[in-house]
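Here is how the chains run, residue by residue.
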Amino acid sequence: MDLNQAEQLSQLLKAVANGDRIAFEKVYRLASPHLFAVALRTLGNRAWAEDILHDCFITIWNNAATFNSALSSPLTWMTHIVRNRCIDGLRSGYIRQVTLDEPISDETVKSPLSSQDEISDAGQAQRLQQCLKNLSSEQRQSISLAYYQGMSHSDIANWFQQPVGSVKSWIRRGLEHLRECVGL
């Protein structure tokens, strides 16, 4: 997402905080493909991802006034809401891993983007992949497990058989490096 889109989402969230339903619909249209992909990747089940996304957009509507653009981009803020809700669902036992009825493919999570958006997203993805290569293996694996697999810090610590504090440090330092490298 480029700076113009981030600024647009930021302005829309301010309007949502004031109860603007049209702005909320625009936020949904802009952010839902990305947020659904995060939920689907984390949960592995389309129906669960749809339920979580619905709940998260209710949370976004109710908490739009708490968004602070000085702390994060709008999409990052919303992604954290979705990711945390998915993790809460997995931990609570509400959501159980089962055999999927439908296979997950790239087409399942692909959003309807224009060719310009796809080029921009491809460039950003390539830049992120290059930045990830500059991380230590512990940082790269910890970030991948936390953000793509939805694992908690303690789960990652168990995975590596390392202290939780080490895992938190790896993730924090890795994210700082990525933020600088990508230019956010």
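Residues numbered from 1 in each chain as written. Predicted model: local features only at pLDDT ≥ 70, side-chain atom pairs only at ≥ 80, totals over all residues. Heavy atoms only, no water.

Digging into the overall build of the protein chain
As a reminder of what qualifies: Comment: elements are numbered from the N terminus, with helices defined as DSSP H or I runs of at least four residues and strands as E runs of at least two. Summary of the burial criterion: residues with accessible area below 20% of their type's maximum are buried, those above 50% are exposed, and those between are partly exposed, where the area comes from a 1.4 Å probe applied to protein chains only. By definition, residues are in contact when any of their heavy atoms lie within 4.5 Å. For the area figures, the Shrake-Rupley method with a 1.4 Å probe applies, and any residue is considered shielded solely by the protein chains shown.
Along the protein chain, the regular secondary structure elements total nine helices and zero strands. Seen in sequence order, the protein chain has helices and strands lined up from the N terminus as α-α-α-α-α-α-α-α-α. Per-residue burial for the protein chain yields a buried fraction of 37% across its 184 residues. Of all intrachain contacts in the protein chain linking residues separated by at least 6 positions in sequence, the fraction that spans at least 24 positions is 64%. With the model as given, the accessible surface of the protein chain reaches about 11,300 Å², and the carbon-plus-sulfur share is 49%.

Overview of helix H2 (residues 21-43)
Worth spelling out the cut-off: What a helix is expected to span follows from its residue count: subtract one and scale by 1.5 Å. Bend is the name given here to the angle between axes fitted to two runs of seven residues, the run ending at a residue and the run starting at it. Whenever two N or O atoms come within 3.5 Å, that pair is a polar contact, provided that in protein one can donate a hydrogen and the other can accept it, and provided that, for residues adjacent in sequence, both atoms are side-chain atoms.
A rise of 1.5 Å per residue sets the reference length of H2, with its 23 residues, at 33 Å; its end C-alpha atoms lie only 29 Å apart and thus fall more than 12% short of the reference. At Ala31, H2 shows its largest kink, close to 50°, and the proline Pro33 lies no more than four residues downstream. Between a side-chain oxygen at the N-terminus of H2 and the backbone nitrogen of Ile22 the separation is 3.0 Å; the capping residue is Asp20.

Looking at the nonpolar core
Just so we agree on the cut-off: Each nonpolar core is a collection of buried residues, namely Ala, Val, Leu, Ile, Met, Phe, Trp, Tyr and Cys, held together in the definition by side-chain atoms within 4.5 Å.
Counting residues in each nonpolar core, the largest one holds 30 residues, and the members touching the most others are Val27, Leu35, Phe57, Ile60, Met78 and Val82. When residues of this core are traced back to their parent elements, those giving at least two are helix H1 (3-17), H2, helix H3 (46-63) and helix H4 (74-92). Setting aside anything within four residues of it in sequence, one finds Leu35 in contact with Leu53, Phe57, Ile60, Leu75, Met78, Thr79 and Val82. If you look at the next biggest cluster of nonpolar residues, it comprises 15 residues, including Cys131, Leu135, Val167 and Leu178.

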